[in-house]
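# Observations on the three-dimensional arrangement
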Amino acid sequence: MVYEMSYLPLFNVKLRDFMNDAELMLQTQILAKKYVLENVDCDNYTVDIGVPLSYAVGPSSLGCELTQNADEHPWCKPWIETEHDLLKLEKIDTVNSGLRARSVRLRNEMLKIKDSYKVRFNDGHEFTPADNVGLAGGTDGAFTIACQLVGPEKFFLDIIDRPEFAKKLMHIVIEKE
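First, a word on scope: everything that follows refers to the structure included in this document.

Cut-offs used in this document
Residues numbered from 1 in each chain as written. Predicted model: local features only at pLDDT ≥ 70, side-chain atom pairs only at ≥ 80, totals over all residues. Heavy atoms only, no water. 1 Å grid on protein atoms, 1.4 Å probe; cavity = no way out; pocket = protein on both sides within 12 Å on 5 of 7 lines; lining within 4 Å. Points joined across faces, edges and corners; volume = space filled by probe spheres on them. Helix = DSSP H or I, 4+ residues; strand = E, 2+ residues; numbered from the N terminus. Phe/Tyr/Trp six-rings, centres within 6.5 Å; stacked < 30°, edge-to-face > 60°. Buried < 20%, exposed > 50% of the residue type's maximum accessible area, 1.4 Å probe, protein only. Contact = heavy atoms within 4.5 Å. Axes fitted to C-alpha atoms, helices over the stretch in contact; angles between N-to-C directions. Parallel < 35°, antiparallel > 145°, perpendicular 65-115°, else oblique. Nonpolar A, V, L, I, M, F, W, Y, C, P; charged D, E, K, R; others polar. Core = buried A, V, L, I, M, F, W, Y, C linked by side-chain atoms within 4.5 Å. Salt bridge = Lys/Arg side-chain N within 4 Å of Asp/Glu carboxyl O. Disulfide = S-S within 2.5 Å.

Attention shifts here to the layout of surface pockets. Think of a ball as big as a water molecule: rolled over the atoms, this probe shows where empty space is left. One number sums up the size of the largest pocket: a volume of about 260 Å³. Lys34, Glu38, Val119, Arg120 and Phe121 are, among the 12 residues lining the largest pocket, the residues nearest its centre. Elements that contribute at least two residues to the lining of the largest pocket include exactly helix H2 (22-39) and strand S4 (119-120). Broken down by element, the lining of the largest pocket gets its largest block of residues, 6 residues, from H2.

Structure, rendered in structure tokens:
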């Protein structure tokens, strides 16, 4: 489902709008699948719908503030610097925060409007592609998420200069993710 985002310019859709509007996300994915089925010689015949926000789910759900321009993927501002920050990190509810919470909200909104979006094939077969709206999980591993929480250069230095801090951070990320 994620690759549909590469078709956003074809439909004059800004990535930031796509990531925040359930109906636009649903419409664009259906149009992208239609485009592929009609114009690309491939064996991709599915019309699966989902919430493709997997690339920053982990760090955003662990307190990273997201920054995003209209046509760019969001990036996370590092925030972990001290032992006190690690204590705050341990208390974060990763299910109900960041992109994970947004993904669930967008999925629920899509499910409410799904019956307005039927697909009909030439043979008359009709179905609702959003009957099973998927949720993408995080795509980053614990080390990558730790780098995003601290900043890559700082985390590499922490491994050398503050190994116990780095270990504790890794342990929290692994437990939370």
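This part covers the packing of aromatic side chains. A full pass over the atoms with the stated rule returns 3 aromatic pairs. The interplanar angle of 55° and the centroid separation of 5.6 Å between the aromatic rings of Tyr7 and Tyr35 together place this pair among those described as tilted. Residue Tyr7 is found in the segment before helix H1 (15-20), and its partner Tyr35 is found in helix H2; the two are separated by 28 residues along the sequence. Taking relative accessible area as the criterion, Tyr35 reaches 31% and is therefore assigned partly exposed. Ring geometry for Phe143 versus Phe155: centroids 5.3 Å apart, planes at 65°, classification edge-to-face. Of this pair, Phe143 sits in helix H6 (residues 142-150) while Phe155 is found in helix H7 (residues 152-161), placing the two residues 12 residues apart along the sequence. Assessed through its relative accessible area of 35%, Phe143 is described here as partly exposed.

Structurally, the position occupied by Thr94 is in the loop between helix H4 (83-91) and helix H5 (98-113). If near-sequence neighbours (up to four positions away) are discounted, Thr94 is found in contact with Ser61, Leu62, Arg100 and Lys176.

Moving on: the environment of Gly134. On the secondary structure map, Gly134 appears in strand S6 (residues 134-135). Accessibility expressed as a relative area gives 23% for Gly134, which makes it partly exposed. Distance from Gly134 to Val51, taken between C-alpha atoms, is 6.2 Å for residues 83 residues apart in sequence.

What follows is about the packing of H4 against helix H8 (residues 163-176). With their axes 10 Å apart at the nearest point, H4 and H8 run at an angle of 10° to one another. In terms of their interaxial angle, H4 and H8 are classed as roughly parallel. On H8, the residues that touch Glu83, Leu86, Leu87, Leu89, Glu90 and Lys91 of H4 are Phe165, Lys168, Leu169, Ile172 and Lys176. Considered class by class, the residues forming the contact of H4 with H8 number 6 nonpolar, no polar and 5 charged.

Let us look at the nonpolar core. With 42 residues, the main nonpolar core has Leu53, Leu89, Met110, Leu149, Phe155 and Leu169 as its most contacted residues. With 6 residues, the top contributor of residues to this core is H8.

Here the structure, examined in full by the defined rule, presents 11 salt bridges. Of the charged contacts, one joins Lys77 and Glu65 as a salt bridge, the two residues approaching to 3.6 Å between their closest N and O atoms. Of this pair, Lys77 sits in strand S3 (residues 75-77) while Glu65 sits in strand S2 (residues 65-67); the two residues are 12 residues apart in sequence, bridging distant segments of the chain. A salt bridge links Lys114 to Asp131, with the shortest nitrogen-to-oxygen separation between them at 2.9 Å.

Attention now moves to the state of the cysteines. On inspection of all chains with the given rule, the structure shows 0 disulfides. Unpaired in this structure, Cys147 has its nearest cysteine sulfur neighbour in Cys64, at a distance of 11 Å. Taking the relative accessible area as the measure of exposure, Cys147 reaches 8% and is therefore buried.

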